[in-house]
Amino acid sequence: MKRRIAAVLPALVAVAASIPIALSTTPAAASAACGKTVADKDGSSWNATANGANERSGSSTGCAINGIAYSGHKLDYHCYTVAGNYTWTYLRNDSTGTYGWVRDDLLSDYGSSVYCGF
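Before going into details, it helps to say that this report is about the structure given with it. (Residues numbered from 1 in each chain as written. Predicted model: local features only at pLDDT ≥ 70, side-chain atom pairs only at ≥ 80, totals over all residues. Heavy atoms only, no water.)

If you tally the helices and strands in the chain, you get one helix and six strands. In sequence order, the chain lays out its α and β elements as α-β-β-β-β-β-β. Across the 118 residues of the chain, 33% fall into the buried class. The contacts of the chain with a sequence gap of at least 6 include a subset with a gap of at least 24, amounting to 55%. About 7100 Å² of surface is accessible on the chain, with carbon and sulfur atoms providing 58% of the total. (Helix = DSSP H or I, 4+ residues; strand = E, 2+ residues; numbered from the N terminus. Buried < 20%, exposed > 50% of the residue type's maximum accessible area, 1.4 Å probe, protein only. Contact = heavy atoms within 4.5 Å. Areas by Shrake-Rupley, 256 points an atom, 1.4 Å probe, with all protein chains shown as cover.)

Moving on: the state of the cysteines. Counted by the stated rule, this structure contains two disulfides. One disulfide bridge connects Cys34 with Cys63, the sulfur atoms lying 2.0 Å from each other. Taking the torsion about the S-S bond as the criterion, the Cys34 to Cys63 disulfide, at about -85°, is left-handed. Of this pair, Cys34 sits in the loop between helix H1 (2–18) and strand S1 (44–47) while Cys63 sits in the loop between strand S2 (53–56) and strand S3 (65–69), placing them 29 residues apart in sequence. (Disulfide = S-S within 2.5 Å.)

Another point: the packing of aromatic side chains. Evaluation of the coordinates by the stated rule reveals four aromatic pairs. Geometrically, the ring pair formed by Tyr80 and Tyr115 is tilted, given 5.5 Å between the ring centres and 55° between the ring planes. In this pair, Tyr80 sits in strand S4 (residues 74–83) while Tyr115 sits in the segment after strand S6 (98–103), placing the two residues 35 residues apart along the sequence. A ring pair is formed by Tyr90 and Trp101, whose centres lie 5.0 Å apart and whose planes are at 55°; its orientation type is tilted. (Phe/Tyr/Trp six-rings, centres within 6.5 Å; stacked < 30°, edge-to-face > 60°.)

This part covers the environment of Ile65. Along the chain, Ile65 turns up in strand S3. Measuring from C-alpha to C-alpha, the distance between Ile65 and Tyr99 comes to 10.0 Å, with 34 residues separating the pair along the chain. Beyond its immediate stretch of four places on either side in the chain, Ile65 contacts Asn54, Glu55 and Arg56.

Relative to S6, strand S5 (residues 86–93) runs antiparallel, the two sharing six bridges. Note on S6: the bridge partner recorded for Arg92 is Tyr99. Between S5 and S6, which pair antiparallel in sequence order, lie four residues; one of them, Gly97, sits at a positive phi of approximately 85°. (Pairing = 2+ DSSP bridges.)

Attention shifts here to the pattern of salt bridges. If charged atoms from side chains of opposite charge come close, those side chains can pair. According to the stated counting rule, one finds three salt bridges in the structure shown. Note that Arg92 is salt-bridged to Asp76, the shortest N-O span being 3.1 Å. Placement of Arg92 in strand S5 and of Asp76 in strand S4 is noted, with a sequence separation of 16 residues between them. Here Arg92 and Asp94 are joined by a salt bridge, their closest N and O atoms 2.6 Å apart. (Salt bridge = Lys/Arg side-chain N within 4 Å of Asp/Glu carboxyl O.)

The next thing to look at is the side chain of Ser57. Within the fold, Ser57 resides in the loop between S2 and S3. For Ser57, the residues in contact, after removing those within four places along its chain, are Ala33, Cys34, Gly35, Lys36, Cys63, Ala64, Asn66 and Trp101.

It is worth spelling out the side chain of Arg103 at this point. Structurally, the position occupied by Arg103 is in strand S6. One polar contact links Arg103 to Asp105, side chain to side chain, over a distance of 2.7 Å. If sequence neighbours within four positions are ignored, Arg103 has contacts with Tyr86, Thr87 and Trp88. (Polar contact = N/O pair within 3.5 Å; in protein donor to acceptor, adjacent residues only side chain to side chain.)

Given below as structure tokens:
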């Protein structure tokens, strides 16, 4: 029995090596520069349950604060991007009229599900 497995194993390894491996579809980390705006790719609106989430001019805490999303504000998600270990959603705060990037872990539904493409 061991000889049969030993004889078949190289063939199985060769077949496995010839099968293409699917690469991860997770977007690469590429933050939105301060001042970066994007078109509305998502089309969804949500009522935020974030309590004082900063809306920034880019997907970094080093970017300027454009406004603050409070609990109960209606937010229009445009899309998300990845910056370091976090995802960020670009949105318009319909309650205040401001636009900005909000880190997704500060939003109760974790932000947009549509990737910005960068």
